[in-house]
Amino acid sequence: MERILGGMSLPDLGTFALVNDRLDRLSDYPFTRLAALLSGVTPRANAEPIMMSVGEPQHQPPAIIDETLRANAHLWGKYPPVGGTPEFREAVGAWLARRYALPDGLFDAEKSVLPVSGTREALFLLALLAVPPSKAGRQPAVLMPNPFYAPYEGAALLAGAESVFLPSTRETGFLPDLDALTPELLERTALFYLCTPANPQGAAADAAYLERAIGLARRYGFILAVDECYAEIYLDKPPVGALQVASGLAHDGKPWANILVFHSLSKRSSAAGLRSGFVAGDPELMSRFTRLRSYSNAGMPLPVLAASAALWRDEAHVEENRALYRAKFDAAEASLKGRYGYYRPDGGFFLWLEVGDGEEATRRLWAEGGIRVLPGAYLTRCNPGEANPGAPFIRIALVNDAETVAHACGTIARILG
């Protein structure tokens, strides 16, 4: 059979010849896999379902969101600029300076801040900026922790890079071992996704670690993308940030060279539905990223930009948020301390529990307790010749109220033994 296109006869290659076959090399998204795993499994009749699989904060969003959206409702009819507004950039720049003690005048928010519609789309799109074409059979590499955030892998694959999964286990401090990276790998690295505090393990990189990562990025010429979306949910001391460390490093008068950081209001302000975050860092990279996003992104609506700026200026709701999470970790610890490798993380709101068989534990918890968690294997990949490092684990999101968390964790301990 033939098809007619613009007056030309073309062979009928079938529908799937017209799409990017790299998509077929991606596994299903973690929550698609979870739905398949639990398909046909019905919780017992008296089990009230408790959803702890998705990192979706359940706290009441700050009233400032609604108030600011209403005050700026007249702006819904205007196309927003991709670069956002001066007010948004100023609010973010001032927050970064406060939060990370940046020296006065060092950070130029006008050149180094870009609003994004939630960090997922920006983290994904970054690979199109970072990954060059393969040359002479030398495929670019994108490094990422293992476990990892699924968009890292999808971005790398669809950009034509090799995804390199770096073990992030208890033995490595739940962060990639930078000393294990070989010069051969680093020389073809285009992008390194680093999440701190880590999702799901909650480990935060210290200043020495970040200094080492920044040094490697500059020595080998790759982009260090530091996903700091959980940096405002901490249980003890605030995690250091990549810009904070870079501000003390001399590099030809370019303190932010090779560095991009990503922050979101989804976790910090319990505002996942606002779809608001930002990317900040190297002004040369930001200029090129803005150009790329001009073709791919419609920009954040002006009322949302205004509400976002108001949230970045306010710390009171964030302190209240942290207090709620500390209470939930206290509740979880009462039931789980001493079990399943439980530890109190540096940041974030996940538990990463070693239960033997993560998929089987997930099925049991849903069937017997109505508690929905995520198998660790859905957040990890196997390296050649190795077992899946996430297979023994489950991830639990402490997003419900403290009373629910206490009940759920007690039930988990009872069911799993």
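Residues numbered from 1 in each chain as written. Predicted model: local features only at pLDDT ≥ 70, side-chain atom pairs only at ≥ 80, totals over all residues. Heavy atoms only, no water.

This brings us to the overall build of the protein. On a plain count of helices and strands, the protein comes out with 15 helices and 14 strands. Taking 2.2 N^0.38 as the reference for a compact globule, 417 residues should give roughly 22 Å; the C-alpha atoms of the protein span a radius of gyration of 22 Å, in line with that estimate. C-alpha extents for the protein along the principal axes are approximately 65 × 60 × 50 Å. The burial tally for the protein puts 54% of its 417 residues in the buried class. For the protein, restricting intrachain contacts to residue pairs at least 6 apart in sequence, the fraction spanning at least 24 positions comes to 76%. Surface summary for the protein: the accessible area is close to 18,600 Å², and the carbon and sulfur share equals 53%. Computed over 40 positive and 46 negative side-chain charges, the separation of the two mean positions in the protein equals 2 Å. (Helix = DSSP H or I, 4+ residues; strand = E, 2+ residues; numbered from the N terminus. Rg over C-alpha atoms; globule rule 2.2 N^0.38 Å. Buried < 20%, exposed > 50% of the residue type's maximum accessible area, 1.4 Å probe, protein only. Contact = heavy atoms within 4.5 Å. Areas by Shrake-Rupley, 256 points an atom, 1.4 Å probe, with all protein chains shown as cover. Lys, Arg positive; Asp, Glu negative; His and termini not counted. Charge placed at Lys NZ, Arg CZ, Asp CG, Glu CD.)

This part is about the UniProt feature "domain: Aminotransferase class I/classII large" (unreviewed entry) in the protein. When the UniProt feature table is mapped onto this chain, "domain: Aminotransferase class I/classII large" (unreviewed entry) is found at residues 50–412. Within the segment residues 50–412, helix and strand shares are 40% and 15% respectively, and the terminal C-alpha atoms sit 11 Å apart. (UniProt positions renumbered as here; feature names shortened; annotations may be inferred.)

As a further point, take helix α15 (residues 402–416). Taking 1.5 Å of rise per residue, 15 residues should cover 21 Å, and α15 covers 21 Å from first to last C-alpha, within 8% of that figure. Burial in α15 covers these residues: Val405, Ala408, Cys409, Thr411, Ile412, Ala413, Ile415 and Leu416. Of the surrounding secondary structure, the elements contacted by the buried residues of α15 are β3 (50–51), α13 (316–336), β11 (350–354), α14 (358–369), β12 (371–372) and β14 (393–397). Regarding α15, its N-cap is Asp401, as a side-chain oxygen of that residue lies 3.1 Å from the backbone nitrogen of Glu403 further along. Just beyond α15, the residue with positive phi is Gly417, at close to 80°. (Expected span 1.5 Å × (residues − 1). Polar contact = N/O pair within 3.5 Å; in protein donor to acceptor, adjacent residues only side chain to side chain.)

As summarised here, the arrangement of the three strands in space is β11-β14-β13, forming an open sheet in which the pairing is antiparallel. Two strands bound the open sheet, and with one partner strand each, they are β11 and β13 (374–375). α14 rests against β13 and β14 of the sheet, and its axis sits at about 45° to β14. (Pairing = 2+ DSSP bridges. Axes fitted to C-alpha atoms, helices over the stretch in contact; angles between N-to-C directions.)

Where helix α3 (residues 86–99) contacts helix α12 (residues 302–313), the two axes come as close as 9 Å, and the packing angle between them is 20°. Relative to α12, the element α3 lies roughly parallel. Considering only the axes of α3 and α12, their crossing is left-handed. Between α3 and α12, the residues in contact are Glu87, Phe88, Glu90, Ala91, Val92, Trp95 and Arg98 and Leu305, Ser308, Ala309, Trp312 and Arg313, respectively. (Parallel < 35°, antiparallel > 145°, perpendicular 65-115°, else oblique. Left-handed = near helix turned anticlockwise from the far one by under 90°.)

Counted by the stated rule, this structure contains 16 aromatic pairs. Both rings, one in Phe278 and one in Trp312, keep their centres 5.1 Å apart while their planes meet at 70°; by these two values the pair is edge-to-face. Note that Phe278 is positioned in strand β10 (residues 277–281) and Trp312 in helix α12, a separation of 34 residues in sequence. Both residues of the pair, Phe278 and Trp312, count as buried. Cation over ring: Arg372 sits above Trp366, and NZ or CZ is 4.8 Å from the ring centre. (Phe/Tyr/Trp six-rings, centres within 6.5 Å; stacked < 30°, edge-to-face > 60°. Lys NZ or Arg CZ within 6 Å of the ring centre and 35° of its normal.)

Leu96 and Phe107 are the most contacted members of the largest nonpolar core, which has 69 residues in total. Setting aside anything within four residues of it in sequence, one finds Phe107 in contact with Gly93, Leu96, Leu102, Ser112, Val113, Leu243, Trp256, Ala280 and Gly281. Ala130, Val142, Ala190 and Ala225 belong to the second-largest nonpolar core, a separate cluster that totals 31 residues. (Core = buried A, V, L, I, M, F, W, Y, C linked by side-chain atoms within 4.5 Å.)

For Arg98, the location among the structural elements is in helix α3. Sequence-distant contacts of Arg98, that is, excluding residues within four places in its chain, are made with Trp312, Arg313 and Glu315.

For β10, a buried count of five out of five residues is recorded, marking the element as mostly surrounded by other parts of the structure. Taking every second residue as pointing to the same face, both faces of β10 are buried, with Gly277, Val279 and Gly281 on one and Phe278 and Ala280 on the other. As judged from the four bridges shared by strand β4 (residues 113–116) and β10, these two strands associate in the antiparallel manner. Residue pairing for β10: Val116 is matched across the bridge by Gly277. Taken together, the five bridges between strand β9 (residues 259–264) and β10 define a ladder with antiparallel strand orientation. Looking at the pairing, Ser264 lines up with Gly277 of β10.

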